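The lines below spell out each chain.
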Amino acid sequence: MPDPIAQFADAKYLNLETFRKTGVGVRTPVWFAQERNIFYIYTLPDAGKTKRIRNNPKVRVAPCDMRGNLRGAWVGARARICNEPETSHGQELLRRKYGWMKIVGDFFSRMRGRTQAVIAIEMD
């Protein structure tokens, strides 16, 4: 594939595959926002994918639908948990892309006392 990042241009979901200590992959469809070759996603700080990324930053990503059905090819990448100010920047990009759905979701997350972690994914 000449430009693996181009396949994500119109995608609403990204299938993120993280790896357990045993090497078994775990796939999760997530919302994402893109800036150049970096994808930003958000999740709970204690979610399984966050724990797996802390243990092993090697991931794979592919465009998908909301159920995780692939809409493109897998691409190798590296993920990291963001710190400020990158966390705020990633959240702003996600709000711009998903609009009121993200804003409403964030509101209910705060009402339930949940915090969010932002993960940056960079293509290999």
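For the structure itself, look to the data block above.
Here we summarise the structure given alongside this text. (Residues numbered from 1 in each chain as written. Predicted model: local features only at pLDDT ≥ 70, side-chain atom pairs only at ≥ 80, totals over all residues. Heavy atoms only, no water.)

**A short note on the overall build of the protein chain**
Of regular secondary structure, the protein chain possesses three helices and seven strands. In the protein chain, the succession of helices and strands from N to C terminus is β-β-β-β-α-β-β-α-α-β. Each of the three principal axes of the protein chain carries a C-alpha extent, and together these read 40 × 35 × 30 Å. For the protein chain, the residues scored as buried account for 42% of the 124 residues in total. Sequence-distant contacts in the protein chain: of pairs separated by 6 or more residues, those separated by 24 or more amount to 66%. (Helix = DSSP H or I, 4+ residues; strand = E, 2+ residues; numbered from the N terminus. Buried < 20%, exposed > 50% of the residue type's maximum accessible area, 1.4 Å probe, protein only. Contact = heavy atoms within 4.5 Å.)

**Some remarks on the packing of helix 2 (residues 86–98) against helix 3 (residues 100–111)**
Two quantities define a packed helix pair, namely the angle between the axes and the distance from one axis to the other. In the contact formed by helix 2 and helix 3, the axes pass within 6 Å of each other and the chain directions differ by 125°. In terms of orientation, helix 2 and helix 3 fall into the oblique class. Across from Gln91, Leu94, Arg95 and Tyr98 in helix 2, the residues of helix 3 making contact are Trp100, Met101, Lys102, Ile103 and Asp106. Looking at the contact of helix 2 with helix 3 residue by residue, the class counts come to five nonpolar, one polar and three charged. (Axes fitted to C-alpha atoms, helices over the stretch in contact; angles between N-to-C directions. Parallel < 35°, antiparallel > 145°, perpendicular 65-115°, else oblique. Nonpolar A, V, L, I, M, F, W, Y, C, P; charged D, E, K, R; others polar.)

**Overview of the sheet that holds strand 5 (residues 58–64)**
Reading across from one edge, 2-1-5-6-7-4-3 is the order of the seven strands in this open sheet, with antiparallel pairing throughout. Taken across any chain shown, the strands that pair with only one partner, and hence form the sheet edges, are strand 2 (25–31) and strand 3 (33–35). Each adjacent strand pair in this sheet contributes to an overall mean axis angle of 35°, direction not counted. Here strand 6 (residues 75–81) pairs with strand 7 (residues 117–123) via five bridges, running antiparallel. Within strand 7, the position partnered with Ile81 by the bridge is Ile119. Running over the sheet, helix 1 (residues 48–55) touches strand 1 (13–19), strand 2, strand 4 (38–43), strand 5, strand 6 and strand 7 and is turned about 55° from strand 1. (Pairing = 2+ DSSP bridges.)

**Description of the packing of aromatic side chains**
A complete count under the given rule lists five aromatic pairs for this structure. Considering the side-chain rings of Trp31 and Tyr98, the 4.2 Å spacing of their centres and the 5° angle between planes classify their relative orientation as stacked. You can see Trp31 sitting in strand 2 and its partner Tyr98 sitting in helix 2, a full 67 residues away along the chain. A single burial state applies to Trp31 and to Tyr98, both of which are buried. (Phe/Tyr/Trp six-rings, centres within 6.5 Å; stacked < 30°, edge-to-face > 60°.)

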